[in-house]
Amino acid sequence: MPLNPDAASQLAEHLTQAGPDHPWTGVRFAATWGSREPLDPILVVPDLVAEVSADTAIDRGAWRHPLRLVRLRLDATVADVPMFGEGAQASSG
């Protein structure tokens, strides 16, 4: 699901294009679920924290639904957030 124009504009104000040492340099991404059409992404410095909405539905080993941006968390830094799979687990419900 693409970002709405207001959210995209707000996000763009805080992004910095990454250099060639970005960990995903050279990784290929598909345009849509099941597509072989490649995207030409612009990689950015991973220094922002975003609150997202997600579900845990998995279909054939892959997440079924995309993440949805709730808001940027400009009150937090990446050092405040544990790596995926580490730290406190989200509550269910």
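Criteria and cut-off values
- Residues numbered from 1 in each chain as written.
- Predicted model: local features only at pLDDT ≥ 70, side-chain atom pairs only at ≥ 80, totals over all residues.
- Heavy atoms only, no water.
- Helix = DSSP H or I, 4+ residues; strand = E, 2+ residues; numbered from the N terminus.
- Contact = heavy atoms within 4.5 Å.
- Areas by Shrake-Rupley, 256 points an atom, 1.4 Å probe, with all protein chains shown as cover.
- Phe/Tyr/Trp six-rings, centres within 6.5 Å; stacked < 30°, edge-to-face > 60°.
- pLDDT = per-residue confidence, 0-100.

### Here we look at the overall build of the chain
- Looking only at helices and strands, the chain features 1 helix and 4 strands.
- In sequence order, the secondary structure elements of the chain are arranged as α-β-β-β-β.
- With the C-alpha coordinates aligned to their principal axes, the bounding extent of the chain is approximately 35 × 35 × 30 Å.
- Across the chain, the fraction of contacts at a sequence separation of at least 24, relative to all contacts at a separation of at least 6, is 45%.
- Accessible surface, the chain as shown: approximately 8100 Å² in total, 55% of it carbon and sulfur.

### Regarding the packing of aromatic side chains
- Under the counting rule described, the total for this entry stands at 1 aromatic pair.
- Here W24 and F29 contribute two aromatic rings whose centre-to-centre distance is 5.9 Å and whose plane-to-plane angle is 55 degrees, an arrangement assigned as tilted.

### Some details on the confidence of the model for the chain
- Chain-level pLDDT for the chain is 83 on average; 91% of the residues reach the 70-or-more range.
- At the low end of the mean pLDDT range in the chain sits strand β3 (residues 62–63), at 73; at the high end sits strand β1 (residues 50–53), at 90.

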